[in-house]
Amino acid sequence: MQSWASPHVPSLPGASGPLWLHDTATDMVRPTTPGPTATIYVCGITPYDATHLGHAATYLAFDLVQRVWLDGGRAVHYVQNITDIDDPLLQRAERDGLDWRDLAANQIQLFREDMAALRVLPPRDYIGAVEAMDEVSGAVARLLEMGAAYRVEDAEHPDVYFDVAAAPKFGYESRYDLATMLALAAERGGDPDRPGKRNALDPGLWRMPREGEPFWDSTMGPGRPGWHIECSVIAGNRLGPTIDLQGGGSDLIFPHHECSAAHSEVLTGVVPFARHYTHAAMIALDGEKMSKSRGNLVFVSRLRADGVDPMAIRLALLSGHYRQDRAWTDQLLDQATARLADWRRAANRQGSDAATVLHGLRSALTDDLDTPAAIELLDRWAADDGLAGGVVADAVDALLGIALH
Ligand code: ZN
């Protein structure tokens, strides 16, 4: 699938050092250790309701990862999927009287426009589940042959499930206890109570067609894939058996990333699937996490239509740390708008060399993307009339993705 146009990234003197990031599987901030080409997979949207500020905050966090790696002299191979066939998409299309394909196409286009406006670097491979259908069904067939998957005991709908017992390290990514895993599986699209499964936590791999649902042919018979296997296969086939980073929102820790890792590790025999599992926190509105189920969403496209500068949206979301759950407020946006104006004035300034600001900015970002520290440093730069714009303006653009000119 076509992604979106890449913003220009100014090159800077010198280079970032190693990027340290939090890893959920070890609960440690550890250095990332990419080779000449860093590999990153970030889970994409289900295109029925793009792009609220929670999405935007997640993609911005991983955009900074890409920017810091690039500044450190690495090439980056970034893959993102689009879950363009799944229950929520079908349900929303039915509710609104739309063809699910039209709904998906419209929302994907909106997402692209939002990402381009926010100056998010595009993935090299932007892959829809539908276009990867043969890859995914082939992987499910292999898991069945390997004995790591089975058909549920249901004469009418003998859907294929993954046997979590085939993945000996299952649970290592989230480190959740069984009760938490069961609760989250039920809450987030799993079906722990379905009769005929070997283990309540076994996730679906291939779902036989129900009345009126779209389906694709495969060696298992017609059907459509589960969500977790989609990401395992799209990532693994493009980035290899172990990637430097799998990213997403913290609501993907379980079951999505746990199951994606388990599928991949059983398919390839290589553990771990990702050297870092890194998760961005949630954005709240009026005291509640912003989510589709609660319906308290603020959309990037709505703010843009209201004339808000996308760079102010970007700066507002980056003013909190990516791992800190935080609230979206009008005040936050006003503060970011005022800060952006200050920085833009400073960007055009003549004055003494501000190379130490560049050094400080790199130090903050390589320390687990400490954007609050980076912003504090830049506020001090903007307030000092003796310091030049020059390289700092380029650094704000290259490293934080905020264009000041
Ligand atoms: Zn995913």
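The structure this text deals with has already been given above.
The rules behind these values
- Residues numbered from 1 in each chain as written.
- Predicted model: local features only at pLDDT ≥ 70, side-chain atom pairs only at ≥ 80, totals over all residues.
- Heavy atoms only, no water.
- Helix = DSSP H or I, 4+ residues; strand = E, 2+ residues; numbered from the N terminus.
- Rg over C-alpha atoms; globule rule 2.2 N^0.38 Å.
- Buried < 20%, exposed > 50% of the residue type's maximum accessible area, 1.4 Å probe, protein only.
- Pairing = 2+ DSSP bridges.
- Phe/Tyr/Trp six-rings, centres within 6.5 Å; stacked < 30°, edge-to-face > 60°.
- Lys NZ or Arg CZ within 6 Å of the ring centre and 35° of its normal.
- Core = buried A, V, L, I, M, F, W, Y, C linked by side-chain atoms within 4.5 Å.
- Right-handed = clockwise from strand over helix to strand, strands pointing away.
- Lys, Arg positive; Asp, Glu negative; His and termini not counted.
- Salt bridge = Lys/Arg side-chain N within 4 Å of Asp/Glu carboxyl O.
- Axes fitted to C-alpha atoms, helices over the stretch in contact; angles between N-to-C directions.
- Parallel < 35°, antiparallel > 145°, perpendicular 65-115°, else oblique.
- Left-handed = near helix turned anticlockwise from the far one by under 90°.
- Contact = heavy atoms within 4.5 Å.
- Polar contact = N/O pair within 3.5 Å; in protein donor to acceptor, adjacent residues only side chain to side chain.

(A) Structural context of the overall build of the protein chain. A count of helical and extended segments in the protein chain gives 13 helices and 14 strands. A compact globule built from 405 residues should have a C-alpha radius of gyration of about 22 Å, and the protein chain, at 22 Å, falls within 12% of that. Viewed in the frame of its principal axes, the protein chain has a C-alpha envelope of about 75 × 45 × 35 Å. Among the 405 residues that make up the protein chain, the fraction classed as buried is 59%.

(B) Spatial organisation of the sheet that holds strand β14 (residues 326-327). The three strands lie next to each other as β13-β12-β14, forming an open sheet whose pairing is mixed. At either margin of the open sheet sits one strand with a lone partner, and together these are β13 (288-289) and β14. Sheet analysis places strand β12 (residues 283-285) next to β14, joined by two bridges and oriented parallel. What sits directly across from A284, in β14, is A327.

(C) Quick peek at the packing of aromatic side chains. Scanning all chains against the criterion turns up eight aromatic pairs. With a centroid separation of 5.4 Å and 75° between ring planes, the pair formed by Y59 and F111 is classed as edge-to-face. Here F111 lies in helix α3 (residues 100-117) and Y59 lies in helix α1 (residues 53-71), a separation of 52 residues in the sequence. Per residue, the accessibility class of Y59 equals that of F111, and both read buried. Between Y172 and Y277, the aromatic rings sit 6.0 Å apart at their centres with planes inclined by 70°, giving edge-to-face as the arrangement. A residue pair is termed long-range when its members are at least 10 positions apart, and Y172 in the loop between β7 (160-162) and α5 (178-187) and Y277 in strand β11 (residues 274-280) qualify at 105 residues. Taken together, the ring pairs in this structure connect W4, Y59, F111 and Y126 into an aromatic cluster. It is R349 that lies over the ring of W381; its NZ or CZ is 5.8 Å from the centre.

(D) The nonpolar core, seen in detail. W328, W343 and W381 are the most contacted members of the largest nonpolar core, which totals 133 residues. The leading source of residues in this core is α1, at 11 residues.

(E) Broad picture of the pairing of strand β3 (residues 37-42). With respect to burial, β3 is a largely interior element, five of its six residues being buried. A crossover connection joins β3 to the parallel strand β4 (residues 75-82) through α1; in handedness this β-α-β unit is right-handed. Where β3 and strand β10 (residues 243-249) come together, three bridges link them in parallel fashion. Its bridge partner being in β10, V42 is matched across the sheet by G247.

(F) Examining the side chain of D125 more closely. Mapped onto the fold, D125 is located in strand β5 (residues 125-128). No salt bridge forms around the buried D125; measuring N to O, its nearest opposite-charge neighbour R238 is 4.7 Å away.

(G) Spatial organisation of the pattern of salt bridges. With the rule as written, the count across this model stands at 27 salt bridges. Among the ionic pairs, D87 bridges to R224, the shortest N-O distance being 2.7 Å. Taken together, the residues span a long stretch of sequence, with D87 in helix α2 (residues 87-96) and R224 in strand β9 (residues 224-225) at a distance of 137 residues. Judged by its relative accessible area of 29%, D87 is partly exposed.

(H) Inspection of the sheet that holds β7 at higher detail. Read from one edge of the open sheet, four strands run β6-β7-β8-β9, paired in antiparallel fashion. The open sheet has two free edges, formed respectively by β6 (149-151) and β9, since each of these has just one partner strand. Relative to β7, β6 runs antiparallel, the two sharing three bridges. In the sheet register, A149 faces β7, and the bridge partner there is F162.

(I) The packing of helix α9 (residues 310-318) against helix α10 (residues 330-347), seen in detail. One can describe the packing of α9 onto α10 by two numbers: an axis separation of 8 Å at closest approach and a directional angle of 110°. Here α10 runs roughly perpendicular to α9, going by the angle between their axes. Where α9 crosses over α10, the handedness of that crossing is right-handed. Between α9 and α10, the contacting residues are M311, A312, I313, L315 and A316 on the first element and L332, L333, A336, T337, R339, L340, W343 and R344 on the second.

(J) Up close: the environment of D177. Looking at the element boundaries, D177 is found in the loop between β7 and α5. Sequence separation of D177 and A75 is 102 residues, and the distance between their C-alpha atoms is 38 Å. A polar side-chain atom of D177 sits 2.6 Å from a polar atom in the side chain of T180.

(K) Geometry of the side chain of Q107. Position of Q107 relative to the elements: it lies in helix α3. Taking relative accessible area as the criterion, Q107 reaches 15% and is therefore assigned buried. Once residues within four sequence positions are removed from consideration, Q107 is found in contact with I45, P47, Y48, D49 and A50.

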